[in-house]
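Coordinate inspection notes
So the chains spell out like this:
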Amino acid sequence: MSLKPKKFSELKFEQAELRKKMQKRQKEINCELPRYTYIVSEGTKTEPYYIEAIAQTINEKYRGFSTGRSSMADV
């Protein structure tokens, strides 16, 4: 292998090839959210607060897909 730096045209070609590969991978990824997630906890003091915070974060991120129910009283 040569220690010469690559030509600009070679670098540009390699970057184009990488972009094509990434576009193919993005098309192959089909992400579906689960309909329901059950979380079981033994704790009664602090764990419900952690679960509540996780549910709120998920509902904020996926507002269009979520029902918005994050309270333990709703279940």
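Preceding this paragraph is the structure being described.
The rules behind the values
Residues numbered from 1 in each chain as written. Predicted model: local features only at pLDDT ≥ 70, side-chain atom pairs only at ≥ 80, totals over all residues. Heavy atoms only, no water. Helix = DSSP H or I, 4+ residues; strand = E, 2+ residues; numbered from the N terminus. Salt bridge = Lys/Arg side-chain N within 4 Å of Asp/Glu carboxyl O. Buried < 20%, exposed > 50% of the residue type's maximum accessible area, 1.4 Å probe, protein only.

1. Overview of the environment of Ile39
Within the element layout of this structure, Ile39 appears in the loop between helix 1 (8–28) and helix 2 (47–61). Along the backbone, Ile39 and Ile51 are 12 residues apart, and their C-alpha atoms lie at a distance of 8.0 Å.

2. Let's talk about the pattern of salt bridges
On inspection of all chains with the given rule, the structure shows 1 salt bridge. Residue Lys6 is joined to Glu14 by a salt bridge in which the shortest nitrogen-to-oxygen separation is 2.7 Å. Given a relative accessible area of 34%, Glu14 falls into the partly exposed group.

Read these as layout, nothing more, since geometry by itself doesn't imply function.
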